Amino acid sequence: MPPIVVKFKTELGDGEDKFLPYLRDEKLVRPWAIPGTPALQHRIGGLEKQNITGNVNYEAENHQLMVKIRQEKVDKIADYIPLQQLDNGPEKGKLLVLGWGSTYGAIKSAVVELLHEGYSVSHAHLRYVRPFPKNLGEILRNFDQVLIPEINNGQLIKIIRDQYFVDAKGYNKIMGVPITKTELVMKLREMLGSNN
């Protein structure tokens, strides 16, 4: 992986009378100063800080503002991650199988088999989940049905339904063993019916 280069603030900037540790840039990123740097000392720790000044603050309005800013900062990451791509299948169709994590192999194998049989099925596999790629909603709306196989009780499907208002269906296996290609092929055929 490429190294993460951190540019620490080492001194006050032009026109700065005082260090403002919660003054954010266009990405909502705050300046970082190594603790003990002269003129750049500020409070660190788990207590809520006041916007801009970094002073400890217990006001309800400030807490709400800071929570909203932190969420906006996470949401802005979508501007810097790749757009979602389909792994297999047409860009629009009857069924999209949306996966994440270790379900990749079973989904890919099942979708490839059904594509060779002439079914209208596609596969997309998520690499980014918080936030999702900016075009994920558009991809989901290109399909009549969405199936989300998960080796849990439906963590991803709940977020997809909530965020995109898509009536996705789940295929959940919580037995401590992987989802197999064979069982997934059977589920996909059931959802697609006999008329490909």
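Shown above is the structure to which this text applies.
First, a word on what this report is: a plain description of the structure on this page. This one's a predicted model, so the numbers in the text were calculated from it and none came from an experiment.

Quick look at the overall build of the protein chain
Here is step 1: Looking only at helices and strands, one finds 5 helices and 4 strands in the protein chain.
Here is step 2: Computed over C-alpha atoms, the radius of gyration of the protein chain comes to 23 Å, more than 25% over the 16 Å expected from 2.2 N^0.38 for 196 residues, which places it beyond the range of a compact globule.
Here is step 3: Considering only C-alpha atoms, the protein chain reaches an extent of 75 × 35 × 30 Å along its principal axes.
Here is step 4: Considering the protein chain as a whole, with its 196 residues, one finds that 37% of them fall into the buried category.
Here is step 5: Summed over all atoms, the accessible surface of the protein chain reaches about 12,400 Å², with 55% contributed by carbon and sulfur.
Here is step 6: Computed over 26 positive and 23 negative side-chain charges, the separation of the two mean positions in the protein chain equals 3 Å.

Notes on the packing of aromatic side chains
Here is step 1: If you walk through the whole model with that rule in mind, you get 2 aromatic pairs.
Here is step 2: With centroids separated by 6.2 Å and ring planes inclined at 35°, the aromatic side chains of Phe8 and Trp32 adopt a geometry described as tilted. With Phe8 in the segment before α1 (60-75) and Trp32 in the segment before α1, this residue pair connects regions lying 24 residues apart in the sequence.
Here is step 3: Judged by relative accessible area, which is 38%, Phe8 ranks as partly exposed.
Here is step 4: By relative accessible area, which is 49% here, Trp32 ends up partly exposed.
Here is step 5: Each ring, one from Phe132 and one from Tyr164, has its centre 5.9 Å from the other, and the planes form 50°; the classification is tilted. Here Phe132 is found in the loop between β2 (121-126) and α3 (136-141), whereas its partner Tyr164 is found in helix α4 (residues 155-164), with 32 residues between them in sequence. The same class applies to Phe132 and to Tyr164, which are both buried.
Here is step 6: Sitting above the plane of the Tyr80 ring, Lys27 keeps its charged end 4.6 Å from the centroid.
Here is step 7: Taking the ring centre of Tyr22 as reference, the NZ or CZ of Arg30 above it sits at 4.0 Å.

So, the pattern of salt bridges
Here is step 1: Taken as a whole, this structure holds 9 salt bridges when the rule is applied.
Here is step 2: Across the salt bridge formed by Arg70 and Glu48, the nearest N and O atoms sit 3.3 Å from each other. In this pair, Arg70 sits in helix α1 while Glu48 sits in the segment before α1, placing the two residues 22 residues apart along the sequence.
Here is step 3: Looking at Arg70, the relative accessible area reads 37%, which means it is partly exposed.
Here is step 4: Glu190 serves as the salt-bridge partner of Lys187, at 3.4 Å between the closest nitrogen and oxygen. Remark: Glu190 and Lys187 occur in helix α5 (residues 181-192); sequence separation between them is 3 residues, near one turn of the helix.
Here is step 5: Each member of the salt-bridge network shares a partner with another, and the members are Glu113, Glu117, Lys181 and Arg189.

Re the pairing of β2
Here is step 1: Burial runs high along β2: 6 of the 6 residues are buried.
Here is step 2: Here 6 bridges tie strand β1 (residues 93-100) to β2, and the two strands are oriented parallel to one another. Across the sheet, Trp100 pairs through a bridge with Leu126, a residue of β2.
Here is step 3: One crossover worth recording links β1 to the parallel β2 by way of helix α2 (residues 104-116), and it is right-handed.

The rules we used
Residues numbered from 1 in each chain as written. Predicted model: local features only at pLDDT ≥ 70, side-chain atom pairs only at ≥ 80, totals over all residues. Heavy atoms only, no water. Helix = DSSP H or I, 4+ residues; strand = E, 2+ residues; numbered from the N terminus. Rg over C-alpha atoms; globule rule 2.2 N^0.38 Å. Buried < 20%, exposed > 50% of the residue type's maximum accessible area, 1.4 Å probe, protein only. Areas by Shrake-Rupley, 256 points an atom, 1.4 Å probe, with all protein chains shown as cover. Lys, Arg positive; Asp, Glu negative; His and termini not counted. Charge placed at Lys NZ, Arg CZ, Asp CG, Glu CD. Phe/Tyr/Trp six-rings, centres within 6.5 Å; stacked < 30°, edge-to-face > 60°. Lys NZ or Arg CZ within 6 Å of the ring centre and 35° of its normal. Salt bridge = Lys/Arg side-chain N within 4 Å of Asp/Glu carboxyl O. Pairing = 2+ DSSP bridges. Right-handed = clockwise from strand over helix to strand, strands pointing away.

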